[in-house]
Amino acid sequence: MNTWKTLITDAELLPLDRGLATMHDGAIASDEHGRIVWIGKTTDAVAHENCRESTRQIDGRGRLVTPGLIDCHTHLVYAGSRANEWQQRLAGVSYEEIARQGGGILSTVNSTRSAGLSELITSAVQRANQFLEFGVTTVEIKSGYGLNIETELKMLDAARAVEKETALDVSLTLLAAHAIPPEFKDGANSGAKQYLDEVVFPLIQHCQGKVDAVDVFCESIAFNLEQTKLVFEQAKTASLAIKIHAEQLSNLRGARLAAEYNAWSADHLEYLDEDGVKAMAQAGTVAVLLPGAFYFLNETQRPPVELLRNHGVPIAIATDHNPGSSPVFSLPLTMNMASTLFGLTVEESILGSTVHAARALRRDDDIGTLEVGKQFDVAVWNTAEPADLVYRIGDNLCCGVAKTGEFVIETT
Ligand code: DI6
Ligand code: FE
């Protein structure tokens, strides 16, 4: 048998394959491919024949060691700031009103179209590294601030660069159906159909095999149900997975439609009804809750958490990081919001940003728990108590991160 490459000893291991049960005095080893090869007690690890001089041994000093966190919904690539618009909202103007006046998403579209690729990469890499400092090892990134072929592709290139230039794994989503750009606005049916035909559909076909999924913002200020269905049909012909922004500001029944297309996830869901919940349960569509947007937009309608639980829909939590509705950098803070604002238990918030987030990206064979065979993606926390990950507001307890067996943030 091979020598172990990295070995963490004396950890309070939280593997998350059995709820919040921890293993005291735990140890975990990686092989040279960055996979977990052994989990057990520290005394057994140090006596093991594979533990040799070449093994890099890290003393966990009794601290919590968890799977790296997974942020399964972000808009991490963009240019510009929307602080002004936020100040308008503080003065009483609504998010929808700002969007209708040509601000909102379209203001970020203007900045992102003008930005060069290297500028987009620099800012996205900076943000991604901040996510990493909070224990995140995998992040989903969406396009959607280009809304023309050239800029959507530029955004996807920037997201790919994040994977190359940081330690994070990136899951790529094409969200060309995020808004209708101004150059199509005057057309019939508010220009949506023409925009889909001329920009979104060609992009979907072009992205076959080059992105992981296709997403749609199904909402009164974006695409209606019928248009959303057309996008799903295109995604299907390109063999691309589907996800949706649904039921955030109103109930258009987008989640139910997405479930009919076996969507990986339906996200936001504040206005989701029981019919939609049932459809998601049947399809195995993950509910991705985004409390950062709920908080920042001062929403009052909470997602139907009790119905999701009763019907056994897996619940994931993500930051929805974006400049307009959720400029949040910390997934642990988002977990606190999920528990405080949506009533999720500590266990639900932790599983929501690991196990179920992995499922939302259909990466659950590889990441999300500490189990032999999975990637050695771990976060070390300055506490032995799982509840602290959710309880402390704005603190950063993360004091070490390893990605595929290599420490990218050294434990201190
Ligand atoms: N829902 C969101 O929360 C983001 N996009 C979406 O469809 C917000 C995007 C923005 O306001 O820039
Ligand atoms: Fe979003």
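Above this text you will find the structure in question.
Now for a description of the structure that goes with this document. If you're wondering where the values come from, they're calculated on a predicted model, not measured in any experiment.

Reading the values: rules and limits
- Residues numbered from 1 in each chain as written.
- Chains lettered and ligands numbered in written order.
- Predicted model: local features only at pLDDT ≥ 70, side-chain atom pairs only at ≥ 80, totals over all residues.
- Heavy atoms only, no water.
- Helix = DSSP H or I, 4+ residues; strand = E, 2+ residues; numbered from the N terminus.
- Rg over C-alpha atoms; globule rule 2.2 N^0.38 Å.
- Buried < 20%, exposed > 50% of the residue type's maximum accessible area, 1.4 Å probe, protein only.
- Contact = heavy atoms within 4.5 Å.
- Core = buried A, V, L, I, M, F, W, Y, C linked by side-chain atoms within 4.5 Å.
- Axes fitted to C-alpha atoms, helices over the stretch in contact; angles between N-to-C directions.
- Parallel < 35°, antiparallel > 145°, perpendicular 65-115°, else oblique.
- Left-handed = near helix turned anticlockwise from the far one by under 90°.
- Nonpolar A, V, L, I, M, F, W, Y, C, P; charged D, E, K, R; others polar.
- Donors = N, O, S within 2.8 Å, 3.2 Å for Na, K, Ca; no water.
- Salt bridge = Lys/Arg side-chain N within 4 Å of Asp/Glu carboxyl O.
- 1 Å grid on protein atoms, 1.4 Å probe; cavity = no way out; pocket = protein on both sides within 12 Å on 5 of 7 lines; lining within 4 Å.
- Points joined across faces, edges and corners; volume = space filled by probe spheres on them.
- Near = heavy atom within 4 Å.
- Polar contact = N/O pair within 3.5 Å; in protein donor to acceptor, adjacent residues only side chain to side chain.
- Areas by Shrake-Rupley, 256 points an atom, 1.4 Å probe, with all protein chains shown as cover.
- Sits in = over half its atoms within 2 Å of the grid points.
- Phe/Tyr/Trp six-rings, centres within 6.5 Å; stacked < 30°, edge-to-face > 60°.
- Lys NZ or Arg CZ within 6 Å of the ring centre and 35° of its normal.
- Pairing = 2+ DSSP bridges.

### Some points on the overall build of the chain
The helix and strand inventory of the chain stands at 16 helices and 16 strands. For 412 residues, the compact-globule formula gives about 22 Å, and the C-alpha radius of gyration of the chain, at 21 Å, lands near that figure. Projecting the C-alpha coordinates of the chain onto the three principal axes gives extents of approximately 75 × 45 × 45 Å. By residue count, 59% of the 412 residues in the chain fall in the buried class. Put simply, of all contacts in the chain between residues at least 6 apart along the chain, 71% involve residues at least 24 apart.

### So, the nonpolar core
The nonpolar side chains of soluble globular proteins are, as a tendency, buried together. Membership of the largest hydrophobic core comes to 101 residues, with the highest contact counts inside it found for Ile204, Phe223, Leu269 and Met280. In terms of residue count, the dominant contributor to this core is helix H7 (residues 192-206) (eight residues). In this structure methionine 280 touches Ala255, Ala259, Ala266, Leu269, Leu272, Thr285, Val286, Ala287 and Val313, once residues within four positions along its chain are discounted. Membership of the second largest hydrophobic core comes to 14 residues, among which are Ala11, Leu13, Ala402 and Phe407.

### A short note on the packing of helix H6 (residues 149-165) against H7
Each packed pair of helices is defined by two parameters, the angle between the axes and the distance between the axes. Here H6 crosses H7 at 40°, and the two axes come no closer than 10 Å. Taken together, the axes of H6 and H7 are oblique relative to one another. For the pair H6 and H7, the crossing hand works out as right-handed. Seen from H6, the contacting residues are Ile149, Glu152 and Leu153; seen from H7, they are Glu198, Val199, Pro202, Leu203 and His206. For the contact of H6 with H7, a count of residues per class yields five nonpolar, one polar and two charged.

### Section: the coordination of the iron ion (ligand 2)
Those protein atoms acting as donors to the iron ion (ligand 2) are His73 (NE2), His75 (NE2), His245 (NE2) and Asp320 (OD), and they sit at 2.1 to 2.2 Å. Read in sequence order, the donor residues coordinating the iron ion (ligand 2) give the pattern H-x1-H-x169-H-x74-D. Linking histidine 73 in the loop between strand S6 (69-71) and helix H2 (83-90) with aspartate 320 in the loop between strand S13 (315-317) and helix H13 (331-342), this pair joins segments that are 247 residues apart in sequence. Classification of aspartate 320 as buried rests on a relative accessible area of 2%.

### Structural notes on the side chain of aspartate 377
Its place among the elements puts aspartate 377 in the loop between helix H15 (355-360) and strand S14 (378-381). Dropping the residues within four chain positions of it, aspartate 377 is found in contact with Thr66, Pro67, Gly68, Thr137, Thr138, Asp169, Ile367, Leu370, Ala402, Lys403 and Thr404.

### A word on unusual backbone geometry
At leucine 147, a position not held by glycine, the phi torsion is positive, near 60°. Considering the arrangement of structural elements, one finds leucine 147 in the loop between strand S7 (136-142) and H6.

### With respect to the pattern of salt bridges
Within this structure, the stated rule accounts for 22 salt bridges. As a salt-bridge pair, arginine 18 and aspartate 17 come within 3.8 Å of each other at their nearest N and O atoms. Close ionic contact of arginine 160 with aspartate 157 constitutes a salt bridge, the shortest N to O distance being 3.0 Å. Remark: aspartate 157 and arginine 160 occur in helix H6; sequence separation between them is three residues, near one turn of the helix.

### Things to note about empty space enclosed by the protein
Scanning all chains against the criterion turns up three cavities of 30 Å³ or more. Estimates place the volume of the largest cavity at around 90 Å³. Lining of the largest cavity is provided by 13 residues; of these, His75, Tyr95, His178, Asn322 and Ser325 occupy positions nearest its centre. Taken as a whole, the second largest cavity encloses approximately 50 Å³ of empty space. Around the second largest cavity, the lining residues are Pro332, Trp381, Asp388, Leu389, Arg392, Asp395, Asn396 and Leu397. Its residues assigned to classes, the lining of the second largest cavity shows four nonpolar, one polar and three charged.

### Describing the site of ligand 1
Around ligand 1 there are 14 residues in total, and Arg82, Tyr95, Tyr145, His178 and Asp320 lie nearest to it. One nitrogen or oxygen atom from the side chain of glutamine 248 is found 3.3 Å from a nitrogen atom belonging to ligand 1. Relative to its unbound accessible area of 320 Å², ligand 1 is 100% covered by the protein chains. Because more than half of its atoms lie within 2 Å of the grid, ligand 1 is assigned to the largest cavity. In terms of residue class, the shell around ligand 1 is made up of four nonpolar, eight polar and two charged.

### Points about the packing of aromatic side chains
Across all of its chains, the model carries eight aromatic pairs by this definition. On the basis of an interplanar angle of 35° and a centroid distance of 5.4 Å, the ring pair of tryptophan 4 and tryptophan 38 is categorised as tilted. In this pair, tryptophan 4 is assigned in the segment before strand S1 (6-13) and tryptophan 38 in strand S3 (residues 36-41), connecting sequence segments 34 residues apart. Take tryptophan 4 and tryptophan 38: they sit in the same class, and that class is buried. Aromatic side chains phenylalanine 232 and tyrosine 261 sit 5.3 Å apart centroid to centroid with 55° between the ring planes, which places their arrangement in the tilted category. Note that phenylalanine 232 is positioned in helix H8 (residues 225-237) and tyrosine 261 in the loop between helix H9 (254-260) and strand S11 (265-268), a separation of 29 residues in sequence. Taken as a pair, phenylalanine 232 and tyrosine 261 share a single burial class, namely buried. Taken together, Phe184, Tyr195 and Phe223 form an aromatic cluster joined through their ring pairs. The lysine or arginine in question, arginine 127, covers the ring of tyrosine 78, its NZ or CZ lying 3.6 Å from the ring centre.

### Quick word on the sheet that holds S13
Spatially, the eight strands line up as an open sheet ordered S6-S7-S8-S9-S10-S11-S12-S13, and their pairing is parallel. With one partner strand each, in any of the chains shown, S6 and S13 form the two edges of the open sheet. For this sheet, the mean angle separating the axes of adjacent strands, direction not counted, is 25°. Taken together, the three bridges between S11 and strand S12 (residues 286-289) define a ladder with parallel strand orientation. Looking across to S12, one finds that alanine 266 is bridged to alanine 287. Across the face of the sheet, H7 comes into contact with strand S8 (169-177) and strand S9 (213-218) while running at roughly 160° to S8.

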